[in-house]
Each structure stands twice: as structure tokens, then as C-alpha cells.
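An overview of the molecular structure
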Amino acid sequence: MATGTERPATEPPHPRGGVRGGTRAAIAAPHLRTDRWWLAPAGTAAGLLAFIVYSTWRAFAGADYYAAPYVSPFYSPCLAENCEPMKAGPNWEIFGSWWGISPAIIILIFPLGFRLTCYYYRKAYYRGFWASPPACAVAEPHKKYTGETRFPLVLQNIHRYFFYAALVVAGILTYDTVLAFRDETYAWGHMGLGTLVFLVNIVLIWAYTISCHSCRHIVGGKLKHFSKHPVRYRMWQWAGKLNARHMQLAWASLVSVALADFYVYLVASGAFDDPRFF
């Protein structure tokens, strides 16, 4: 039965191919959406681009990343010999004096690799930067689709391994948050505005990390009978509840880690004095 979307026999296939090929419905309009569908991918691209620009500047700056007792999450742990000395802080001089550029370059590969291969962020930048597809019910402009079966996108499958690295980084940032309960003389039992910034950041970091799809699979995947594994089942339920908010947690933690770094930058550069609550 005719539906009105069949291509007439006399009409040649669309030269563009892909979603406009001869096997697709003969709809002349690029899409039938009348809302402002482009706002979401445009906003996503703008937000991610802003973070890329900011994090690149801070990563290569190599300065103003430590103001006792706070250390920027972009520089923790500090693995090079050219790191600023941090009393009881994350100074692990694995890389010797031959490392001459910013020490942030060493460590940022792990949290950024975790986010870059994250299932949500894939959707975000595929739509925002590559228009693949730009939005629901809006055809992508590419002639063919290979998914994540070819290089370099096949490397997205290492996300599960970046998850383990992200757990280590989150643990170190938790240690940095505990150290933030000191004052500038390293005396314990103090709390400043920076401590509160670090607390909010680490909570969001852990919430985003645990809400990861890989985490949910690790704690509850491959189980045939949940009743025989009540602890893992409960953990799987908790991870599932967080996973339902994975997108919001991804953005919130991205903003919080940038704000934590910016706060340390303001204090370390002398532009701002850290207020003390006690």
C-alpha cells in the first residue's frame, strides 16, 4: 500500500547518498521538526569548547596551582620533579628533572580520557561537534556511518579501563579534600571557603564516577540470579539510581572541577584571600 513517501520510478536516487539515498523515504525536507532543535547541540558544543579552552590554558600554565593547603585537581597528584613542594601533599616525583613542561600534562590524560570515552560525553560531542546526528529526528549530513568500528573511534572501548584510573584519581582528590581541613601553616582543624569548594567537587566527582555505565556493569553485570548476590544487587540498584542522572552529574562535575581549579588559581595568584570559617 502506498504511503506517499515512495520515490517515483522516474526519479533518480539522491546524489548525496547516505540518509538521502535511494533506499530512504522520498521526503524532500531535511527534517520535519519545527522547534529549536539546534539549541541543545549548540549549547553542548559551546560548553565543551569553553572547558577545553580553559583546561588547556591551565594545564600548560604550570603555575598558580598550589596555595596551602589547596592543590588544583588539574595538578594532583603531581608526578614531576618540577612540582611545587606541598607538605604532606600529593608530591610523587616519579618523573625526574628531564620533565620540563607543566606537570599537569602527565595526570590529566586519565580523567580526561575517562570523560572523553564516557557514554554520555560521546553522545554530547558526537552531536555537538560532528552532527552525528545533530538531534533526534534530524538526519546527519554524513554519507555513511561506520559507528565505533574503525580507528580512532574503536578506541572508545577502552572506557572500562579508564574507569579504574578514574577511581584512583578520585581517591587522590579525596585525600586532597581531607588536607583542605588545614590552614596555610598546615595546622589541622580549620575550614575555609576553599574547603567547601573541594567538598562539593569531590562529592560530584564520586557521584559522576559511580554513575558510570561501566561501574554499574562491574557491580551487577553477568549475574544470573540477583537473589543469590544481595550485596551486589543493592550496589547495582544504587549505581542505577545515579546512572539515571549521569548526564546531569557529568556536567555538574565538569563545572565543579573547573571551579575548584579556578579557585586555587585565584588564591595562589594573590587575587583572592581564602575566607576562613574556623
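Looking at an unreviewed UniProt entry, the protein carries the name Succinate dehydrogenase, with the source organism given as Streptomyces hawaiiensis.

1. Some points on a nonpolar patch on the surface
On the surface, Phe151, Val154, Leu155, Ile158, Tyr161, Tyr164 and Ile218 cluster together into a nonpolar patch covering about 700 Å² of accessible area. With respect to the helices and strands, the residue Val154 is situated in the loop between helix 3 (119-130) and helix 4 (159-179). Its relative accessible area of 31% is what places Val154 among the partly exposed residues.

2. Structural notes on empty space enclosed by the protein
Any empty space left between atoms is shown by rolling a water-sized probe over those atoms. Under the definition given, this model contains three cavities of 30 Å³ or more. Around the largest cavity sit 18 residues that line it, and Pro111, Arg115, Val169, Ile205 and Val257 are the ones nearest its centre. Looking at the lining of the largest cavity, the elements with two or more residues in it are helix 1 (39-61), helix 2 (104-116), helix 4 and helix 5 (193-210). In terms of residues, the lining of the largest cavity owes the most to one element, helix 2, which gives five residues. Looking at the lining of the largest cavity residue by residue, the class counts come to 14 nonpolar, three polar and one charged. Roughly 60 Å³ of volume is contained in the second largest cavity.

3. Comments concerning the side chain of Ser211
Looking at the element boundaries, Ser211 is found in the loop between helix 5 and helix 6 (213-220). The class for Ser211 is buried, based on a relative accessible area of 0%. A polar side-chain atom of Ser211 sits 2.8 Å from the main-chain carbonyl oxygen of Tyr208.

4. Section: the packing of helix 6 against helix 7 (residues 230-243)
Any two packed helices are characterised by the angle at which their axes cross and by the distance between the axes. The N-to-C vectors of helix 6 and helix 7 enclose an angle of 165°; their axes lie 8 Å apart at closest approach. Between helix 6 and helix 7, the angle is such that the two are roughly antiparallel. When the axes of helix 6 and helix 7 are compared, the crossing they make is left-handed. Here helix 6 contributes His213, Arg216, Ile218, Val219 and Gly220 to the contact with helix 7, which in turn contributes Arg232, Met235, Trp236, Ala239, Gly240 and Asn243.

5. Thoughts on the UniProt feature "transmembrane region" (unreviewed entry) in the protein
Taking the UniProt record as the reference, the feature "transmembrane region" (unreviewed entry) is found at residues 37-57, 98-121, 161-181, 187-208 and 249-268. The span residues 98-121 is 67% helical and 0% strand by assignment, and the distance between its end C-alpha atoms comes to 35 Å. Regarding residues 187-208, the helix share stands at 73% and the strand share at 0%, and the terminal C-alpha atoms are separated by 31 Å.

6. Looking at the packing of aromatic side chains
Aromatic rings in a pair are described by how distant their centres are and how their planes are angled relative to each other. Tallied over the entire structure, the rule returns 24 aromatic pairs. Between the aromatic rings of Tyr70 and Phe198, the centroid separation amounts to 5.5 Å while the plane-to-plane angle is 40°, which identifies the pairing as tilted. Separated by 128 residues along the polypeptide, Tyr70 in strand 2 (residues 70-71) and Phe198 in helix 5 bring together distant segments of the chain. Across the pair, exposure class does not vary: Tyr70 and Phe198 are buried alike. Members of the aromatic cluster, connected to one another through ring pairs, are Phe51, Tyr54, Trp57, Phe74, Phe262 and Tyr265. The ring centre of Trp57 lies 5.7 Å from the NZ or CZ of Arg58, which sits over that ring. Positioned over the ring face of Trp188 is Arg182, at 5.7 Å from the centre of the ring.

7. Things to note about the state of the cysteines
Note on terminology: disulfide describes a covalent bond linking the sulfur atoms of two cysteines. Inspection of the entire model under this criterion finds one disulfide. Between the sulfur atoms of Cys78 and its disulfide mate Cys83 the distance is 2.0 Å. The S-S bond linking Cys78 to Cys83 shows a torsion near -95°; that makes this disulfide left-handed. The pair formed by Cys78 and Cys83 is uniform in burial state, with each residue classed as buried. Not engaged in a disulfide, the cysteine Cys118 finds its nearest cysteine sulfur in Cys212; these two sulfurs lie 6.1 Å apart. Judged by relative accessible area, Cys118 falls into the buried class, the value being 1%.

8. Regarding the layout of surface pockets
When its volume is computed, the largest pocket comes out at roughly 750 Å³. Mapped by element, the contributors of at least two residues to the lining of the largest pocket are helix 1, helix 2 and helix 3. Top contributing element to the lining of the largest pocket by residue count: helix 2, with eight residues. Lining of the second largest pocket is provided by 14 residues; of these, Ser132, Tyr145, Thr146, Gly147 and Leu153 occupy positions nearest its centre. Of the residues that constitute the lining of the second largest pocket, the class distribution is six nonpolar, four polar and four charged.

Scoring rules and cut-offs
- Residues numbered from 1 in each chain as written.
- Predicted model: local features only at pLDDT ≥ 70, side-chain atom pairs only at ≥ 80, totals over all residues.
- Heavy atoms only, no water.
- Patch = residues over 30% accessible without salt bridge, like charges linked within 9 Å, V, L, I, M, F, W, Y side chains within 5 Å.
- Areas by Shrake-Rupley, 256 points an atom, 1.4 Å probe, with all protein chains shown as cover.
- Salt bridge = Lys/Arg side-chain N within 4 Å of Asp/Glu carboxyl O.
- Helix = DSSP H or I, 4+ residues; strand = E, 2+ residues; numbered from the N terminus.
- Buried < 20%, exposed > 50% of the residue type's maximum accessible area, 1.4 Å probe, protein only.
- 1 Å grid on protein atoms, 1.4 Å probe; cavity = no way out; pocket = protein on both sides within 12 Å on 5 of 7 lines; lining within 4 Å.
- Points joined across faces, edges and corners; volume = space filled by probe spheres on them.
- Nonpolar A, V, L, I, M, F, W, Y, C, P; charged D, E, K, R; others polar.
- Polar contact = N/O pair within 3.5 Å; in protein donor to acceptor, adjacent residues only side chain to side chain.
- Axes fitted to C-alpha atoms, helices over the stretch in contact; angles between N-to-C directions.
- Parallel < 35°, antiparallel > 145°, perpendicular 65-115°, else oblique.
- Left-handed = near helix turned anticlockwise from the far one by under 90°.
- Contact = heavy atoms within 4.5 Å.
- UniProt positions renumbered as here; feature names shortened; annotations may be inferred.
- Phe/Tyr/Trp six-rings, centres within 6.5 Å; stacked < 30°, edge-to-face > 60°.
- Lys NZ or Arg CZ within 6 Å of the ring centre and 35° of its normal.
- Disulfide = S-S within 2.5 Å.

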